[in-house]
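Each chain is listed here by its residues.
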Amino acid sequence: MAALYVSLINVKLIDMLKALLVDDETNNLSNLEFLLHHDCEGIKVAGKVKSAAEARSWLQQHTANVIFLDINMPGEDGFSFLDSIEAQNYMIIFVTAHNEFALRAIKASAVDYILKPIDVVELQAAVEKLKRAFSNPLASEQHHQLLKQFLNIQGKQSPPTKIALPQLGSIRFIEVDQIISLQADSNYTIVHLKDMQKLVISKTMKDFEELLDEEQFVRIHKSYIVNLKYIKEYSTMDGGVVKMSDGNQWSVSRRQLDMF
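Residues numbered from 1 in each chain as written. Predicted model: local features only at pLDDT ≥ 70, side-chain atom pairs only at ≥ 80, totals over all residues. Heavy atoms only, no water.

A. Quick look at the overall build of the protein chain. Helix and strand counts for the protein chain stand at 8 helices and 15 strands. The buried share among the 260 residues of the protein chain stands at 45%. At a minimum sequence separation of 6, the contacts of the protein chain that also span at least 24 residues come to 57%. Here the protein chain has roughly 13500 Å² of accessible surface; of this, 47% comes from carbon and sulfur atoms. (Helix = DSSP H or I, 4+ residues; strand = E, 2+ residues; numbered from the N terminus. Buried < 20%, exposed > 50% of the residue type's maximum accessible area, 1.4 Å probe, protein only. Contact = heavy atoms within 4.5 Å. Areas by Shrake-Rupley, 256 points an atom, 1.4 Å probe, with all protein chains shown as cover.)

Rendered as structure tokens:
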């Protein structure tokens, strides 16, 4: 695997972010170029290529700040391409139609991705996030650490055993077996850990539900996901209550009761 390290970039030296677009479909390249040019400020398309090999060749002769990378390409996919380059100088945004395990890996590492067909609002949000990252060395370093985590996960055809949880100024890498339960709190999720710590993460319960292994983590209520490994007792009192090993007690909704 190519070494991944951080190149801290002074945003004052960058008048406009330069993007390389990598996709095997000409229409997809043209559409993304059009949206970036007409609907996104502070970024310009520096190059368009239709394969990983062309991308490597382009990068040997040109510079880019960000690579919009298709995942599913014939011959060599986006993951293999990333493994073949030194990604220290690039921010990566994946562009994908569908790939269950790929999306799980991306979610596990919190690396950015955009679903096809591209929604312009989602694209604009991604570009704004890019600009903030380049203006903040810590955010740039965080992106590259998350990308490294992603590359370690993505080749495994199974749910991740470790996930990266971005927090203010840091990233926590958590073994999923250390998670006892998850509790919804508006647009945030409180992660209850085996060592009695609580982490407040800016991900929704839906994000975690899609990410975690459904054979181990079960949604028992709109506000709770539990790790079956740490259930101490199930009580039928009050419609159904799950008692966890850390002392927390969570209600089981009628809708989820049969599945649980």
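Continuing now.
B. Focus on helix H2 (residues 52–61). Burial in H2 covers these residues: Ala 52, Ala 55, Trp 58 and Leu 59. Buried residues of H2, viewed axially, fall in a sector of 115°; they line one side. For H2, the exposed residues lying more than 90 degrees away from the buried face are Gln 60 and Gln 61. Those residues of H2 hidden inside the fold are in contact with strand E1 (17–22), strand E2 (43–49), strand E3 (66–70) and helix H3 (78–84). (Arc of directions from axis to C-beta.)

C. Focus on the sheet that holds strand E5 (residues 113–115). Taken together, the 5 strands give an open sheet; going across it, the order is E2-E1-E3-E4-E5, and neighbouring strands pair in parallel fashion. Each end of this open sheet is capped by a strand with a single partner; those strands are E2 and E5. With direction set aside, neighbouring strand axes in the sheet form an average angle of 20°. Across 4 bridges, E1 lies against E3 in parallel orientation. (Pairing = 2+ DSSP bridges. Axes fitted to C-alpha atoms, helices over the stretch in contact; angles between N-to-C directions.)

D. Quick look at the sheet that holds strand E13 (residues 231–235). Strands sit in the order E13-E14-E15 across an open sheet of 3 strands; the sheet is antiparallel. Either end of the sheet is taken by a strand with one partner, and the two such strands are E13 and strand E15 (249–251). Adjacent strand axes in the sheet meet at a mean angle of 20° when their direction is disregarded. Across 3 bridges, the pairing between strand E14 (residues 241–244) and E15 is antiparallel. Across the sheet, residue Val 241 finds its bridge partner in E15, namely Ser 251.

E. Region of the structure containing the packing of helix H1 (residues 26–39) against helix H5 (residues 120–134). With their axes 11 Å apart at the nearest point, H1 and H5 run at an angle of 65° to one another. One element, H1, and the other, H5, form an angle in the roughly perpendicular class. Considering the relative orientation of H1 and H5, their crossing is right-handed. Of H5, the residues touching H1 (which contributes Leu 32, Leu 35, Leu 36 and Asp 39) are Val 120, Leu 123, Gln 124 and Val 127. Broken down by class, the residue content of the contact of H1 with H5 amounts to 6 nonpolar, 1 polar and 1 charged. (Parallel < 35°, antiparallel > 145°, perpendicular 65-115°, else oblique. Left-handed = near helix turned anticlockwise from the far one by under 90°. Nonpolar A, V, L, I, M, F, W, Y, C, P; charged D, E, K, R; others polar.)

F. The arrangement of the pairing of E2 in detail. Across 6 bridges, the pairing between E1 and E2 is parallel. Bridge pairing in E2 links Leu 20 to Gly 47. One crossover worth recording links E1 to the parallel E2 by way of H1, and it is right-handed. (Right-handed = clockwise from strand over helix to strand, strands pointing away.)

G. Representation of unusual backbone geometry in the model. The residue after Lys 116, namely Pro 117, is reached through a cis peptide bond having omega -10°. With respect to the helices and strands, Pro 117 occurs in the loop between E5 and H5. Non-glycine residue Ser 186 carries a positive phi angle of around 60°. Secondary-structure assignment places Ser 186 in the loop between strand E8 (179–185) and strand E9 (188–193). If you check the backbone angles, Met 196 has positive phi at about 75° while not being a glycine. Secondary-structure assignment places Met 196 in the loop between E9 and strand E10 (198–201). Among the residues examined, Met 196 registers a relative accessible area of 56% and is labelled exposed.

H. View of the confidence of the model for the protein chain. Within the protein chain, residue pLDDT values average 83, and 84% of them lie at 70 or more. Long-range and interchain partners of residues 1–13, a stretch whose pLDDT sits below 50, account for 26 contacts in this model, where long-range means more than four residues apart. (pLDDT = per-residue confidence, 0-100.)

I. Expanded view of the packing of aromatic side chains. By the definition in use, this model includes 2 aromatic pairs. With 6.0 Å between their ring centres and 70° between their planes, Phe 79 and Phe 94 make a pair best called edge-to-face. Of the two residues, Phe 79 is situated in helix H3 and Phe 94 in strand E4 (residues 91–96); the sequence distance between them amounts to 15 residues. On the basis of relative accessible area, Phe 79 is assigned to the buried category, the value being 7%. Note on Phe 94: relative accessible area 0%, which makes it buried. Each ring, one from Tyr 224 and one from Trp 250, has its centre 4.5 Å from the other, and the planes form 20°; the classification is stacked. Highlighted residues: Tyr 224 in strand E12 (residues 224–227) and Trp 250 in strand E15, separated in sequence by 26 residues. (Phe/Tyr/Trp six-rings, centres within 6.5 Å; stacked < 30°, edge-to-face > 60°.)

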